[in-house]
Amino acid sequence: EWNRVLALYRLGRRVEADTALASARRRSPNVYRFLCADKVAQPRLTPGYITHGGRDEAWHYRELHLALWRERGALEWLRASSRKATAKAPGVRA
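Residues numbered from 1 in each chain as written. Predicted model: local features only at pLDDT ≥ 70, side-chain atom pairs only at ≥ 80, totals over all residues. Heavy atoms only, no water.

Colleague: When you look at the overall build of the protein chain in this model, what are you seeing that I'm missing?
Modeller: Within the protein chain, the secondary structure is distributed over five helices and zero strands. Across the protein chain, helices and strands are ordered from the amino to the carboxyl terminus as α-α-α-α-α. If you take every contact in the protein chain between residues at least 6 apart in sequence, the share linking residues at least 24 apart comes to 56%. Only carbon and sulfur atoms are counted for the fraction: they give 52% of the accessible area of the protein chain, which is about 6,400 Å². (Helix = DSSP H or I, 4+ residues; strand = E, 2+ residues; numbered from the N terminus. Contact = heavy atoms within 4.5 Å. Areas by Shrake-Rupley, 256 points an atom, 1.4 Å probe, with all protein chains shown as cover.)

Shown next, in the form of structure tokens:
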């Protein structure tokens, strides 16, 4: 799901990327947090297992794909989407 977001962004299909991002954030919020963080501590890992939606999944995804997100402004776009979502949230002032 996160690779789809990245692919849509890199293809310049921003409206679709925004929609896919919203879905990915709901389904795997740890991946979003781990990608946007400057540093991430490695969580406890169980060899041969990954917890769907868990911190271990997010850590593995970040380790494997962060370099791709850093290309062509994708990581900056991802971080900016967080600021936009926060600004639009009810009761939150920008």
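Colleague: In this structure, what is going on with the pattern of salt bridges? I would like to understand it.
Modeller: Should the charged atoms of two oppositely charged side chains come close, the side chains can pair. Taken as a whole and assessed by the stated rule, the structure comprises four salt bridges. With its nearest N and O atoms 2.7 Å apart, the salt bridge here joins Glu16 to Arg13. The partly exposed category is assigned to Glu16, whose relative accessible area is 34%. Taking relative accessible area as the criterion, Arg13 reaches 39% and is therefore assigned partly exposed. (Salt bridge = Lys/Arg side-chain N within 4 Å of Asp/Glu carboxyl O. Buried < 20%, exposed > 50% of the residue type's maximum accessible area, 1.4 Å probe, protein only.)

Colleague: I keep staring at unusual backbone geometry and nothing clicks. Help me out?
Modeller: Outside of glycine, negative phi angles account for most residues, and trans bonds account for most peptide bonds. In the Ramachandran plot, Arg72 falls in the positive-phi region, its phi being about 55° despite a non-glycine side chain. With respect to the helices, strands and loops of the structure, Arg72 is situated in the loop between α4 (55–70) and α5 (74–88). On the basis of relative accessible area, Arg72 is assigned to the exposed category, the value being 61%.

Colleague: How do you make sense of the packing of aromatic side chains when you look at a structure like this?
Modeller: We describe a pair of aromatic rings using the distance from one ring centre to the other and the angle between the two ring planes. Enumeration according to the criterion identifies three aromatic pairs in this entry. Taken together, Trp2, Tyr32 and Trp69 form an aromatic cluster joined through their ring pairs. Note that Arg25 overlies the ring of Tyr32, its terminal NZ or CZ placed 3.8 Å from the centroid. (Phe/Tyr/Trp six-rings, centres within 6.5 Å; stacked < 30°, edge-to-face > 60°. Lys NZ or Arg CZ within 6 Å of the ring centre and 35° of its normal.)

Colleague: Got a minute to help me understand helix α2 (residues 14–27) in this structure?
Modeller: Along an α-helix, residues three or four positions apart point the same way, because every turn accommodates 3.6 residues. Counted at 1.5 Å a residue, the expected span for α2 with its 14 residues is 20 Å, and the 20 Å between its end C-alpha atoms agrees. For α2, the set of buried residues is Ala17, Ala20, Leu21 and Ala24. The arc that holds every buried residue of α2, seen down its axis, measures 110°, which confines them to one face. In α2, the exposed positions that point more than 90 degrees away from the buried face belong to Val15, Thr19 and Arg26. (Expected span 1.5 Å × (residues − 1). Arc of directions from axis to C-beta.)

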